[in-house]
Structure formats: structure tokens, C-alpha cells
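A look at the structure
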Amino acid sequence: MVSQGSSPSLLEALSSDFLACKICLEQLRAPKTLPCLHTYCQDCLAQLAEGGHLRCPECRETVPVPPAGVAAFKTNFFVNGLLDLVRARAGGDLHAGKPACALCPLMGGASAGGPATARCLDCADDLCQACADGHRCTRQTHTHRVVDLVGYRAGWYDEEARERQAAQCPQHPGEALRFLCQPCSQLLCRECRLDPHLDHPCLPLAEAVRARRPGLEELLAGVDKNLAELEAARAAEKGALARLREQAARVGAQVEEAAEGLLRALLAQKKEVLGQLRAHVEAAEEAARERLGELESREQVARAAAAFARRVLSLGREAEILSLEGAIAQRLRQLQGCPWVPGPAPCPLPQLELHPGLLDKNSHLLRLSFENQQSQKDSGKEGAGSQGGEEAQGHREDGAKMERQGAAQPQSRDGAQTPKEDRAQVPQENGAQTPKADRAQTPREGRSQVPQEDGEVQTAGGGRSNKKRKFKGRLKSISREPSPAPGPNLEGSGLLPRPIFSCSFPTRMPGDKRSPRITGLCPFGPREILVADEQNRALKRFSLNGDYKGAIPVPEGCSPCSVAALQGAVAFSAGARLYLISPDGEVQWRRALSLSQASHAVAAMPSGDRVAVSVSGHVEVYNMEGSLATRFIPGGKANRGLRALVFLAASPQGNFVGSDWQQNSVVVCDGLGQVIGEYGGPGLHGCQPGSVSVDKKGYIFLTLREVNKVVILDPKGSLLGDFLTAYHGLEKPRVTTMVDGRYLVVSLSNGTIHIFRVRSPDS
């Protein structure tokens, strides 16, 4: 990206994707510039035009189509000039041998000239050695610049060729554009000058550019100033959000510490306060995310327009600058006129207040108060020492009173739950978590879908639906571009975790009747993995070196789908049932699951004594005895029917990560279902999110099967970048798992398994 205030070079313009159409991803053909300054092929724009309007694929701005069609959009002479230079350097077909001389057929009548060794930059012709020598000696061409053809193709003379390049008149081939008609704001050649513009005041192009350049530069400086203000506003917004999170963490710790010594009668009020705190933080974070999205969107649009204007002013010829001057000026004025709020929205910070009479069940023993950041800063400046000390002393005295009064009760400590136990029972006692704001999307069918090899969709009945054509049509919009660059959340943390290839091995064994179809992976001990082969109805054991260790027997007729290893047992889903079996295949229990989902993702909890399974958009957690321990919907009951977790993983920190096909996102939630983070941005490349795995530090590894990638997200679900690509041998990756927090195991659709060691940034 070109930094603010700097000028791009010609080499950057020629070597970057600036000359590629963002619609067809090919080199621009008949480039047309929209009022938002984005340029596309004329034919590509014609396909997007609908009902007299079209939407820019990059900034999503709606643009009216001229009555004469997309051909009436401004021709980008600037891009045309660069394309001519690129085509001349390439010399047409590179596989057709050396180019022929352009003058030999004109002089000798031969059908083809001799091999060219030189090029005239003024005539834009390739010349043989004899014609090049004669070209330097004639009266009309002795001032022309004749250069070596090899050096020209290597780019040695790009700057010089660009200076001698002239924009051609579209109405009079062979005539260069030389004048600007001031009343008409139209570029003219000598022939155009003699026709309808004869009586109009006209200026030579160089003089016209000198007159109009200061106005454009002044507008550009204004947009640069606006960009600086946007960046400052974004930084202030993030700082306010960070302060809110820090204060919320401190207040949460105070709530936990104050509630630890209370008896059972205080637990309901404690839950109420913590729920109020979470609801406030969620609401504030949601508002901050919306503002950040708006700021980033405006910044991106303004930056793209400024970069385009800077390129034109730095690299464009006079005719090109003047042809785009009106559109650029209009766009820059429009961007300067866009209002925005210069600072972050006021965000009240929660404060904990302890009241006397802690044993009174009818009183609110814990209460939150909210203070704006500005007033908090002012109070901190006025009496940071004395007032803070008095407040802390008051909290300590209230806490001491609470403990003394609590000790007077006849109940024992065993009668009170710990804060962690309290949190685990919130969904069961209250019935619902505090819901987030209703989503604008309408609920889809509750029936989830599972990807098949050929792109069909398998329904809950086990058969294949007739949605194959629709599913394949969606794949056409998949983006193959690299994932967005790592964001500010990596600043100061060094490099991303990176893969180191360990080994690769097939999973097909001599006794298999069909090609393997791996639908589940999980660690099985410190140095082994367990592979669920649905096609061969087997649970296979392999070492991390690829050695086959045997199979775990499964009940007759079961086709394991997802699998997880617990303490001395293995849990797996098959059809609409969840099984727990011993390592020698003895069934310990089975549970029926919802029939509205074709497959159910299974994940082992970090403690190893519970298993989580996704069922119709919610998560159920079972203990080793087969009893339901907890059940929640990510985001609370407000999201009932809006979730479809096709893949599921549990992090070492006790959080859940799921691939939500209903919202087309990756969602991270805690053990109560409170959403910590969710990502559904451009880093998914238009794909449905695939298998998820989590390493020991909480980094999330997400599989994108359609683009042959595994991308990495931070523990809160923000995209960091690509981790594995086709360069690492990925071809239709299917499912993944993390072994010992250090080895990422990736299975491919052909049954092959790749193992990569995850090297952390600090190792």
C-alpha cells in the first residue's frame, strides 16, 4: 500500500495488480472508470449493470449507468497508457520467437521482416539492425530514440518510453491528443480542433495541466487530512474499548472476590450483577464494533480514491490527467464532505459498590454504577491519591464486614458454591442468558447441512438433495486472493505461528473395501491420533509418524462421523446418536440426538471427563456417566434457530469454537454460551467455514476446503492470516485436529494425512 503523501513509482504500477480487473481477474480490456474512481473492463461492467444502475464490486457504491450504456463511462487513458507499455514490453506472443522488423515489409515488399533487434520509442516500432541504422540517419527520424530491444523488454527504458508516449484520439486514429477545449472540457487532436471546436478557446495540454493541478492537489491534501482524522478516531475508539475491557475485568474480579465469602442466599444476586455487567460490556462492544466497521469502511474508500488520484497525478500524462480531472475532483470533494464523529462514543465504565446489610436477602448486596471515561479521568487528576485510597479502604472494610457477618451463619462453606460452579449453573437456573441484539437476518431452516465430495448437500434423512446446482453456483463467488494482512492485534507480538512439515501418510489399510473418507480426527494419547473413516466404518489408530496401530471396534452398522477421546474412553457420533465406548469397543452408553441435523460435531473438554456435541444449533455437554451436564445456544436464546454448528472444538482455556453454517461465520463462546468473538469477514473467501482446531495458546486454525487453505485466528476470533495453503500440499483439506497443542493434523479428501509442527512465535 502506498503510504500517505508518497508518490507511487512506475514499476509499482506495472508490477502490481493495478492493471488487473477485480471482476474477471484478468488484464483490463477497454478500461472504464466509475465515479468512485474504481476501474473495470467495459464488458465486465456491462454484466453488472441492471435496471439502469450498478454497484461497484469494491466499495459497494451504487452508480447510475449513462443512457448510452457502460461505454459512456470515462475511458481511463491513464490505464490505457500503462497497458500499452506492458503489451509493448511483452511483445505479443512470447512463444512465437523473436519479433519481426516493422519497416522491412514496407521497404522491400517482403511478407515478413527480419528479426528485430531494436525499438524506436517515438514510433513504437520494432526494427532490425539495418532499419535501426537507417532510422538514425534520416532527416525526419534522426532525433528519435532507438534503444536495444532486449533492454527495452527488460524494463530499462520504461520511464523514457512513458515520457514519449502520447494518448491517441479515439475518433481519429493516428492523431495524438494535444489540446483541451475549455468550454467543453474535452481533449482534442488537430483534426478535432478544426471541426466543431474551431471557435472555442483551447489550451495546450501542458498549460492546461499546470492550471488545474493545484486545485486537484489541494483537494487531495484535504482528503489526506481527513484520513489522518479517521485514523486518529479509530485509534481512540480502540483505546476506549481496551480501557472498558480492562475496567470490566477488574470489576469482574472484584465481584468474584466479594461474592466468594457469601452464603447460598447471596448467589442469586451475584448472578444478577454479573449478568448485568456482561450485558453492558456486550452492548458497548457491539456499538464499538459498528463504529469501527464504519470508520474502517470510510477509511478504505478514501484511501483507495486518494491512491488512485496520486497515481494519476504522479504517473499520468497531461491528456490522461485532464481526462480524469473532473471525476477525481468530484470524488475527492465528495469524500471531504462526508461527516464523521471525531472521537469515540461515551462509554460508561462499570463500578462496584458494596452495601451494608449483606445478609438481607431483600437488599441488593452488589450493585454496578457507571461512570463516563472523561469524568473518571477528571476525578483521577483531582484526587488520585487520597480519593483512591479512601475508596479502596472502604471496599476493604465492607469486605471485612461481609466476612464477619457471613462467619456468624451456621451453614458450612460446603453449602456455598464456588464462582465457577455458579457460572456453570446460570443457564439452568435462569433459563436464558442475557440476549444480544436481534440479528437483522431472518431464521433459516433448522436443518443443517454437511459437505459432500461432489458439492452436493446431504440432508438429515441421509439421502442427497437436489440442491447440487445451487451449491455449485455459490462456489463460483469464492475468492482466491490471499487472506487479509495481519491486523494491529499482532503488533509487538512477533511473527505468527508458522508450520513446519513433519510427515505425510495414507490411511487406507489392506482390509478396507472402499477409499477412506475421513470425517473425524482427535488426539489419542500423547503421540497418537484416532481417525474416523466413515466410508469403511472404522476408528483407526496411527502414530504421529504414520505407523498403523490397529483399530477400535465400533458397534455393528455404525459409521463414525466425529470422534473425541476422553479419559479411558472414546466418544463418537454416528447418525443421530452419540456413543461412548471403551478402547476395546465395549459400549458404555448411547444417547439419541436430534434428527434435524445430518451429522453432529463432537469435542472433548480439556478436563477429559466430559464431551460436547452440537445439536440443532446448540451445544450439549455430557459427563462420563452419560448425564446431560449443561446445554446452551451460542449468544443465548435470542439466537434460537439462527445457529448451525457443523464443526466444533474446545480450547484449553475452556471455550468453544464452532463453524456456524447458518451465519457463515466462526463463533467463539465461553462455557455459558456467551459469545466472546465471531468472524465472518472476507478472510473466509466466500466459503463455508470448515473444521476448527485450537492450540495450547488458544490460536484457532480454520479449514477452508474450497480454496485449499487453513487460516489462523486469535483466541477471540479475529483473523490473523494464512497458515497453510496449496503451497504446503493442501488439496481439498477436510478435517483437522491438534495433538499435544503442538502438532496440527490435516486430512485431505483423498484419505491422505499431513502433519505439521506448529512453531510458536517465541520459540
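Residues numbered from 1 in each chain as written. Predicted model: local features only at pLDDT ≥ 70, side-chain atom pairs only at ≥ 80, totals over all residues. Heavy atoms only, no water.

Going by what an unreviewed UniProt entry lists, the chain is known as RING-type E3 ubiquitin transferase and is assigned to Pipistrellus nathusii. Its UniProt record, at the heading Catalytic activity (unreviewed entry), says of the chain: "S-ubiquitinyl-[E2 ubiquitin-conjugating enzyme]-L-cysteine + [acceptor protein]-L-lysine = [E2 ubiquitin-conjugating enzyme]-L-cysteine + N(6)-ubiquitinyl-[acceptor protein]-L-lysine." What the UniProt record of the chain gives under Sequence similarities (unreviewed entry) is the line "Belongs to the TRIM/RBCC family." (UniProt positions renumbered as here; feature names shortened; annotations may be inferred.)

**Brief notes about the overall build of the chain**
Tallying secondary structure elements over the chain gives 16 helices and 39 strands in all. Put simply, the chain has 763 residues, and 47% of those count as buried. Counting only contacts in the chain whose residues sit at least 6 apart along the sequence, the fraction spanning at least 24 positions is 54%. Here the chain displays about 37,500 Å² of accessible surface, and carbon together with sulfur accounts for 50% of that area. (Helix = DSSP H or I, 4+ residues; strand = E, 2+ residues; numbered from the N terminus. Buried < 20%, exposed > 50% of the residue type's maximum accessible area, 1.4 Å probe, protein only. Contact = heavy atoms within 4.5 Å. Areas by Shrake-Rupley, 256 points an atom, 1.4 Å probe, with all protein chains shown as cover.)

**Considerations on the sheet that holds strand β22 (residues 569-574)**
Pairing within the open sheet is antiparallel, and its 4 strands lie in the order β21-β22-β23-β24. Pairing within the sheet leaves two strands with one partner each, and these edge strands are β21 (563-566) and β24 (587-592). Going across the sheet, the axis of each strand differs from the next one's by a mean of 15 degrees, ignoring polarity. By the bridge criterion, 5 bridges tie β22 to strand β23 (residues 577-581) in an arrangement that is antiparallel. By the bridge assignment for β23, V570 is matched with I581. (Pairing = 2+ DSSP bridges. Axes fitted to C-alpha atoms, helices over the stretch in contact; angles between N-to-C directions.)

**Observations regarding the sheet that holds strand β33 (residues 692-694)**
If you trace the 4 strands from one edge of the open sheet to the other, you get β33-β34-β35-β36, paired in antiparallel fashion. At either margin of the open sheet sits one strand with a lone partner, and together these are β33 and β36 (719-724). Direction aside, the axes of adjacent strands within the sheet are offset by 30 degrees on average. Relative to strand β35 (residues 709-713), strand β34 (residues 700-704) runs antiparallel, the two being bridged by 5 bridges. Residue pairing for β35: L702 is matched across the bridge by V711.

**Notes on helix α11 (residues 318-336)**
An ideal rise of 1.5 Å per residue puts 27 Å on 19 residues; α11 measures up with 25 Å between its terminal C-alpha atoms. The largest bend in α11 comes to about 50 degrees, at E325. (Expected span 1.5 Å × (residues − 1). Bend = angle between axes of the 7 residues up to and from the residue.)

**Some thoughts on the side chain of E528**
Within the secondary structure layout, E528 lies in strand β18 (residues 528-533). In contact with E528, other than residues within four places in its own chain, are P523, R541, F542, S543, K549 and V739.

**Some thoughts on the pattern of salt bridges**
If you walk through the whole model with that rule in mind, you get 21 salt bridges. Notably, a salt bridge pairs R303 with E231, separated by 2.7 Å at the nearest N-O pair. Placement of the pair is R303 in helix α10 (residues 267-315) and E231 in helix α9 (residues 205-260), with a sequence separation of 72 residues. Judged by relative accessible area, which is 31%, E231 ranks as partly exposed. Between R234 and E299 there is a salt bridge, with its nearest N and O atoms 3.0 Å apart. Of this pair, R234 sits in helix α9 while E299 sits in helix α10, placing them 65 residues apart in sequence. Just as R234 is buried, E299 falls in that class too. (Salt bridge = Lys/Arg side-chain N within 4 Å of Asp/Glu carboxyl O.)

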